[in-house]
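# Descriptive analysis of the structure
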Amino acid sequence: EDLEQLGKVADRVRTYAVDPGLDLVPSLANKNGLKVSLGLWLSDVVELNEKQIKRGIEVIKQNPDVIDRVFVGNEAVLRGELTALEVGEYIMRVKKAIPKNIPVGTADVWSVWLKYPELAKYSDFIGIHLLPYWEGIKAQDSMAYIENRFAMVKKSFPKKPVVIAEAGWPSEGRVKRGSVPSPAMQAYFLRHFLTLAEAESYDYYIIEAFDQPWKAEQEGAVGAFWGLFDAEGQPKFGFTGQLSSFNQWKDYAVVAVFLTLLFSSIVFALLPLVSVRGYILVGVVINLT
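What comes next is a walk through the structure. (Residues numbered from 1 in each chain as written. Predicted model: local features only at pLDDT ≥ 70, side-chain atom pairs only at ≥ 80, totals over all residues. Heavy atoms only, no water.)

### Structural notes on the overall build of the chain
Worth spelling out the cut-off: Secondary structure elements follow DSSP: runs of H or I no shorter than four residues count as helices, runs of E no shorter than two count as strands, and numbering proceeds from the N terminus. Exposure categories follow from relative accessible area, calculated using a 1.4 Å probe and restricted to protein chains: below 20% of the type maximum is buried, above 50% is exposed, and the middle band is partly exposed. It only takes one pair of heavy atoms within 4.5 Å for two residues to be counted as in contact. Only the protein chains shown count as cover for residues, with accessible areas throughout obtained via the Shrake-Rupley method and a probe of 1.4 Å.
Looking only at helices and strands, one finds 10 helices and 7 strands in the chain. Expressed as a percentage of the 289 residues in the chain, the buried residues total 43%. Intrachain contacts of the chain at a sequence separation of at least 6 include 62% that bridge at least 24 residues. When the accessible surface of the chain is summed, it comes to about 15900 Å², and 59% of that surface belongs to carbon and sulfur atoms.

### Here we look at the sheet that holds strand β1 (residues 12-14)
Let me state the cut-off plainly: Two strands qualify as a pair provided DSSP detects at least 2 bridges between them. Structural elements are reduced to axes, namely lines fitted to C-alpha atoms, with helices fitted over the stretch in contact, and the angle between N-to-C directions of any two is expressed from 0 to 180 degrees.
Read across the sheet, 7 strands follow the order β1-β2-β3-β4-β5-β6-β7 without closing on themselves; strand pairing throughout is parallel. The open sheet has two free edges, formed respectively by β1 and β7 (203-206), since each of these has just one partner strand. Strand after strand, the sheet turns through a mean of 25° between neighbouring axes, direction not considered. Here strand β6 (residues 162-167) pairs with β7 via 3 bridges, running parallel. Each residue of the ladder has a partner; that of Ile164, found in β7, is Tyr204. Packing of helix α3 (residues 46-62) onto the sheet brings it into contact with β2 (35-40) and β3 (67-74), and relative to β2 it is tilted by some 165°. Relative to the sheet, helix α4 (residues 84-97) contacts β2, β3 and β4 (104-109), its axis offset from that of β4 by approximately 150°.

### Thoughts on the environment of Ile57
Here Ile57 shows up in helix α3. In this structure the C-alpha to C-alpha distance between Ile57 and Ile98, which are 41 residues apart in sequence, comes to 6.7 Å. Contacts of Ile57, omitting those with residues within four sequence positions, involve Ala97 and Ile98.

### A few points about the packing of aromatic side chains
Aromatic ring pairs are reported here in terms of the distance separating the ring centres and the angle at which the planes meet. Rules: Between rings of Phe, Tyr and Trp, where Trp is taken as its six-membered ring, a pair exists when centres lie within 6.5 Å; planes separated by under 30 degrees are stacked, by over 60 edge-to-face, and by other angles tilted. Sitting over a ring, as applied to charges here, requires NZ of Lys or CZ of Arg to be within 6 Å of the ring centre and within 35 degrees of the ring normal.
Counted under the stated rule, the structure contains 12 aromatic pairs. Arranged with centres 5.0 Å apart and planes meeting at 70°, the rings of Tyr133 and Trp134 form a pair that is edge-to-face. The buried category is assigned to Tyr133, whose relative accessible area is 0%. Summarising the aromatic geometry, the rings of Phe150 and Tyr202 are spaced 4.4 Å apart at their centres and angled 40° between planes, so their arrangement reads as tilted. On the criterion of sequence distance, the pair formed by Phe150 in helix α6 (residues 142-156) and Tyr202 in the loop between α7 (183-200) and β7 is long-range, its members being 52 residues apart. Residue classification places Phe150 among the buried positions, given a relative accessible area of 13%. In this structure an aromatic cluster arises from ring pairing among Tyr133, Trp134, Trp169, Phe189, Phe193, Tyr204 and Trp226. In this arrangement the basic side chain of Arg12 is found over the ring face of Tyr205, its NZ or CZ atom lying 4.0 Å from the centre. Taking NZ or CZ as reference, Arg14 lies 4.2 Å from the ring centre of Phe71, over its face.

### Here we look at the nonpolar core
Going by this rule: In this description, a nonpolar core means a group of buried Ala, Val, Leu, Ile, Met, Phe, Trp, Tyr and Cys residues linked to one another through side-chain atoms lying within 4.5 Å.
Within the largest apolar cluster, 66 residues are counted, with the highest numbers of intra-cluster contacts made by Val70, Val72, Val94, Ile128 and Ile146. Examining the composition of this core, we find that 6 residues originate from one element, α7, more than from any other. Formed by 6 residues, the second largest nonpolar core is a distinct cluster that contains Ala107, Phe125, Ala165 and Tyr205.

### Some remarks on the packing of α6 against α7
How we decide: Left-handed describes a crossing whose near helix is turned anticlockwise from the far helix by less than a right angle; the clockwise case is right-handed. Any residue that is not Ala, Val, Leu, Ile, Met, Phe, Trp, Tyr, Cys, Pro, Asp, Glu, Lys or Arg is counted as polar, Gly included; the first ten are nonpolar and the last four charged.
With their axes 10 Å apart at the nearest point, α6 and α7 run at an angle of 35° to one another. At the point where α6 passes α7, the crossing takes the right-handed sense. Every residue of α7 that contacts α6 at Ser142, Met143, Ile146 and Glu147 is listed here: Phe189, His192, Phe193, Leu196 and Glu200. Among the residues making up the contact of α6 with α7, the classes are represented as 5 nonpolar, 2 polar and 2 charged.

### As for the pattern of salt bridges
Under the convention used in this document: The rule for a salt bridge is simple: a side-chain nitrogen of Lys or Arg has to be within 4 Å of a carboxyl oxygen of Asp or Glu.
A full pass over the atoms with the stated rule returns 12 salt bridges. Between Lys236 and Asp211 there is a salt bridge, with its nearest N and O atoms 2.7 Å apart. Taken together, the residues Lys236 in the loop between α8 (216-219) and α9 (249-270) and Asp211 in the loop between β7 and α8 connect sequence positions 25 residues apart. Its relative accessible area of 10% is what places Asp211 among the buried residues. Taken together, the shared-partner salt bridges in this structure form one network comprising Arg12, Asp68, Arg69 and Asp203.

Written as structure tokens, this is what we have:
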């Protein structure tokens, strides 16, 4: 059902692992007109990595026309669980085992690529995460941040395609310096990012499709609220129209008008006879309060 819904708004999905059950995504996505950028999760547990690599290679061979890109590991270097060399060795193993027309690489935050440029030697592309919220950037400044960081990475790796592997903004959670999570700020970021991405021909992935409540245990409250859709699959905002974090403002406005009229009627009924200017002055005071 999720993939059927995404097939109406996207042309591909990025996954992060092939378990539990995520190895079925390519076949299900294909039925809904979606390509899959397959992820193989890497950590510091060798046995689990071996299972990911083995099953991932099987899935790729079974779905060569569906899988358009392979991400071997996700922020494994940032977490300090693997070195750039270790990630590179896993990338090379996958490359040798699958069709050569499928690009293979990894994804990490933009700064990791600059700190460990040797990682690019193994990867067919530079998969960067651009998440200004985590760096305390205001939503209003986020497009300048995106352009600046993308340009920095591109300058460092001019011969490799740069892919924005994650870009997004949370709709709930704690304020992080200038970063304010809210539906309005999420909508603001994504509207402007999509416009920028089209203008600059960025290759990108939005994080993420649906809110994931389980992430709150790992990333704090904000981790559960990065989705374009909530956990029940309902859209959290529109891509056109007015932006507001106060979704019930119309209801409150109606109540406010009613109460103002009621209070005004009572005041005017009790008010002694005064001039027209006096009535106007009282009316203005009532509305201001």
